[in-house]
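# Per-entry structural report
For reference, the chains in residue letters:
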Amino acid sequence: MKVWTLLVFSVAAMAQTPQSVDAKLAALDTAVKSAQSAGDNAWMLTSAALVLLMTGPGLALFYSGLVRRKNVLGTMMHSFILMAVITVLWALVGYSLVFAEGSPLIGDLRYVFLRGVGIAPNPDYAATIPQQTYMIYQLMFAIITPGLIAGAFAERMKFSGMLLFTVLWALIVYFPMAHMVWGKGGLLSASLGGKFPCFDFAGGTVVHITSGVSALVCALYLGKRTGYPHEPMKPHSLVLSVIGACLLWVGWFGFNAGSALAASGLATSAFVATHFGAAAAALGWIFVEWIRTGKPSVLGAISGCVAGLVAITPASGFVEPFPALLIGFLAGIVCYFMVTLVKQKFGYDDSLDAFGVHGAGGTLGAILTGFFATNAINDSFKDSAGKTLPLGWVDGNAGQIINQLIGTAIAWGLAIVGTLVILKICDAVTGLRVTKDQEIDGLDLSQHGEEGYFFEA
Amino acid sequence: MKKIEAIIQPFKMEPVKEALKNIGIDGMTITEVRGHGRQKGHKEVYRGQEYNVDLLPKIKVELVVTDARLNEILTALTTAARTGKIGDGKVFVYDVAEAIRIRNDDRGEAAL
């Protein structure tokens, strides 16, 4: 299309003087760039809003429906307050620590207080959109990631402890991990000079492994909810959870397809892979559940879809539609066994299965990306001669699986060590668990002085 | 005066109300309750975690009637509430010492 426009324009311009041809070509060049920027910026701002939609209504509803009625507000607050806390932290230092070029492990402080982060694009990351668009888009990832951990400490964590935990976790675990994978010069960066290039399109290692594994550490450190597993702790409203899961599914298009950082063919491909992964995983989960318990549950279908979305996240910008279906289907089955058999066998109280879904699904997705990544989908990796490089095992580059395993291992290690240190600090400063009486009263009343449902009013 | 307390299946509330209305009784109090007698509950599974739910939703109907009409009302009520299966519920009848209509201080059967 661009070529045709140029051609027509050039033919029309031939009759004119050379000087005016040059001027018109320059004007045309500007117009083309501006049109692309307009398209890309529109998609990226939309994507940023979609990713926030995942936290605000999406995760908040999904998780709060799974808890008991007395903890509905406290659980929603675990998601909602991150939209405020992480935003401020991101503006102060977060963006700089992740995306400034610094050491391979963490960025330097050049963008502190968002200094120099303006309308001009940052060509290292996205040459066609304002750097502020890129900044606000990446912020939404930093918001949802600690929110996922809340599933493990639901119904028993002190609000003050949760706030301190979140801030420290962003600083010590998320920012370094995101810098390593996505930052310029990061240790695991695939496109910007990393030592071990690890493919993580939208955050399998950065978002899901870190949060899922940290969730397991939290569940083990905090201990079980009072009465678990003998007292009934049924989800108080699966209706809320279904709405939440559907919002997550929709928001995930911004998460994955937006990670193309342009309104491009790659965005379309990631969109398709994301959708296929979610669909296949919902089916995978309920099939195995149907066989084992005799009934395909609604909670199973929505849990499966989230597991599939998690697993397809690192792969979404690298794989073809059929492998996306396969990755999703496997994730549905694997995560089903993680939250049923494995959890029961080891007896940890990962209350809302943050580890079983995000830790397990993220790990599976990160490794499978090494198998199925192909340059037929993503041709942005080229050698010095400009030749497109093979990506994963399907392209004949089996060694990529090793890089994926290295990235996975680093994410696991950082999450375990970082979270343990943070929990120790929070335990000493604010305390972590509510008292037993407060736990029996519920977080809504004991932490916030409110009730979620008050039918007499 | 007698108080009738009937625990019935929730889906039988409308037929019971209708049957009582047909014999001229339209005052009653309804409460949503949970309970079980010989009826067994059911199993629910949430992500592999099993729960046995044995307290089932029921409706409690309370009404106070004159001694003269008691049997007629009990027949209408039990006929309307009966399916013949376990879980249909129970009816209890109590003596009532006094009744007062708050609006005008009517006492006894005049207050019903």
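Refer to the structure above for everything that follows.
Residues numbered from 1 in each chain as written. Chains lettered and ligands numbered in written order. Predicted model: local features only at pLDDT ≥ 70, side-chain atom pairs only at ≥ 80, totals over all residues.

Helix and strand counts for chain B come out as 2 helices and 8 strands. In sequence order, the secondary structure elements of chain B are arranged as β-α-β-β-β-β-α-β-β-β. The C-alpha atoms of chain B give 17 Å as radius of gyration, which overshoots the globular expectation for 112 residues (13 Å, by more than 25%). Seen through its principal axes, chain B has C-alpha atoms that stretch 60 × 30 × 20 Å. (Helix = DSSP H or I, 4+ residues; strand = E, 2+ residues; numbered from the N terminus. Rg over C-alpha atoms; globule rule 2.2 N^0.38 Å.)

Let us now look at the pairing of strand β3 (residues 42–46) of chain B. Residues and elements named next belong to chain B. Sheet analysis places β3 next to strand β4 (residues 49–53), joined by 5 bridges and oriented antiparallel. Counted as the bridge partner of histidine 42 is valine 53 from β4. Between β3 and β4, which pair antiparallel and follow one another directly, the connecting turn spans 2 residues, one of which, arginine 47, has a positive phi of 45°. (Pairing = 2+ DSSP bridges.)

Another point: the interface of chain B and chain A. Each side of the interface is counted separately: chain B has 6 residues, and chain A has 12 residues. In terms of residue count, the dominant contributor to the side of chain B that touches chain A is β3 of chain B (3 residues). Split by residue class, the side of chain B that touches chain A holds 3 nonpolar, 1 polar and 2 charged. (Contact = placed C-beta atoms within 7 Å. Nonpolar A, V, L, I, M, F, W, Y, C, P; charged D, E, K, R; others polar.)

The subject of this paragraph is the sheet that holds strand β1 (residues 2–8) of chain B. All names here are of chain B. With respect to topology, 4 strands assemble into an open sheet ordered β2-β5-β1-β6, the strand pairing being antiparallel. Edge positions in the sheet fall to β2 (29–35) and β6 (89–95), since each of these pairs with one other strand and no more. The sheet shows a mean angle of 20° between the axes of neighbouring strands, taken without regard to direction. Pairing between β1 and strand β5 (residues 56–65): 7 bridges, direction antiparallel. Within the sheet, the bridge partner assigned to isoleucine 8 lies in β5 and is isoleucine 59. Packed onto the sheet, helix α2 (residues 70–81) meets β1, β5 and β6 and runs at close to 5° relative to β1. (Axes fitted to C-alpha atoms, helices over the stretch in contact; angles between N-to-C directions.)

Residues and elements named next belong to chain A. Mapped onto the fold, glycine 147 is located in helix α4 (residues 131–153). Residue classification places glycine 147 among the buried residues on the basis of 25 C-beta atoms within 10 Å. Considered as a pair, glycine 147 and alanine 279 are 132 residues apart in the sequence and their alpha carbons are 24 Å apart. Discounting residues that sit within four places of it in the chain, glycine 147 has contacts with Thr55, Leu59, His78, Ser79 and Leu82. (Buried ≥ 20, exposed ≤ 12 C-beta atoms within 10 Å, placed from the backbone.)

Residue and element names in this part refer to chain B. Taking 1.5 Å per residue as the helical rise, α2 with its 12 residues ought to reach 16 Å, and the 16 Å between its terminal C-alpha atoms agrees with that figure. The set of residues buried in α2 consists of Ile73, Leu77 and Ala81. The buried residues of α2 all sit within an arc of 50° when viewed along its axis, so they share a single face. Opposite the buried face of α2, at more than 90 degrees from it, the exposed residues are Asn71, Thr75 and Thr79. On the buried face of α2, the contacting elements are β1, α1 (13–22), β5 and β6. (Expected span 1.5 Å × (residues − 1). Arc of directions from axis to C-beta.)

Residues and elements named next belong to chain A. The biggest cluster of nonpolar side chains holds 146 residues, and the ones touching the most others in it are Leu248, Ala281, Ala315, Ala331 and Cys335. The element contributing the most residues to this core is α4, with 15 residues. Setting aside its immediate chain neighbours within four residues, alanine 281 contacts Gly304, Cys305, Ala307, Gly308, Ala311, Gly328, Phe329, Ala331 and Gly332. (Core = buried A, V, L, I, M, F, W, Y, C linked by C-beta atoms within 7 Å.)

Residues and elements named next belong to chain A. With 26 residues, helix α10 (residues 321–346) should cover 38 Å at 1.5 Å per step; its first-to-last C-alpha distance of 36 Å lies within 8% of that length. The principal kink in α10, of about 35°, is found at methionine 338. Phi turns positive, to about 75°, at glycine 347, one or two residues after α10. (Bend = angle between axes of the 7 residues up to and from the residue.)

Here we come to the environment of serine 351 of chain A. Residues and elements named next belong to chain A. One can find serine 351 in the loop between α10 and α11 (354–372). Counting along the chain gives 132 residues from serine 351 to alanine 219, while the straight-line C-alpha distance between them is 7.9 Å. In this structure, serine 351 is in contact with Gly151, Ala152, Ala154, Glu155 and Arg225, ignoring residues within four places of it in sequence.

So, on to the packing of helix α5 (residues 159–182) of chain A against helix α12 (residues 400–429) of chain A. Helix packing for two helices is described by the angle between their axes and how far apart those axes are. Residue and element names in this part refer to chain A. Two elements in contact, α5 and α12, have axes whose closest approach is 9 Å; the angle formed by their N-to-C orientations is 155°. Classified by the angle their axes make, α5 and α12 are roughly antiparallel. Our pair here, α5 against α12, has a crossing hand that is right-handed. Contact residues: α5 offers Gly161, Leu164, Phe165, Leu168, Trp169, Ile172, Val173, Pro176, Met177, Met180 and Val181, while α12 offers Gly407, Ile410, Ala411, Leu414, Ala415, Gly418, Thr419, Val421, Ile422, Ile425, Cys426 and Val429. Of the residues that constitute the contact of α5 with α12, the class distribution is 19 nonpolar, 4 polar and no charged. (Parallel < 35°, antiparallel > 145°, perpendicular 65-115°, else oblique. Left-handed = near helix turned anticlockwise from the far one by under 90°.)

It is worth spelling out unusual backbone geometry at this point. One can expect most non-glycine residues to show negative phi and most peptide bonds to be in trans. With an omega of 0°, the peptide bond between tyrosine 228 of chain A and proline 229 of chain A qualifies as cis. Along the chain, proline 229 of chain A turns up in the loop between α6 (204–222) and α7 (238–256). The phi dihedral of glutamate 155 of chain A falls on the positive side, at around 70°, and the residue is not glycine. With respect to the helices and strands, the residue glutamate 155 of chain A is situated in the loop between α4 and α5. Under the C-beta neighbour-count criterion, glutamate 155 of chain A is labelled buried, with 22 such atoms within 10 Å. At aspartate 105 of chain B, a residue that is not glycine, the phi angle is positive and equals roughly 65°. Its place among the elements puts aspartate 105 of chain B in the loop between β7 (100–101) and β8 (106–107).

Residues and elements named next belong to chain A. Relative orientation of the contacting elements helix α9 (residues 298–312) and α11 amounts to 40°, with a least axis distance of 7 Å. Put simply, α9 runs oblique to α11. Seen along the crossing, α9 lies across α11 with a hand that is right-handed. For the pair α9 and α11, the contacting residues are Ser303, Val306, Ala307, Val310, Ala311 and Ile312 in the first and Val357, His358, Gly361, Gly362, Leu364 and Gly365 in the second. Residue classes in the contact of α9 with α11 are distributed as 7 nonpolar, 5 polar and no charged.

None of this, on its own, says anything about what the molecule does.
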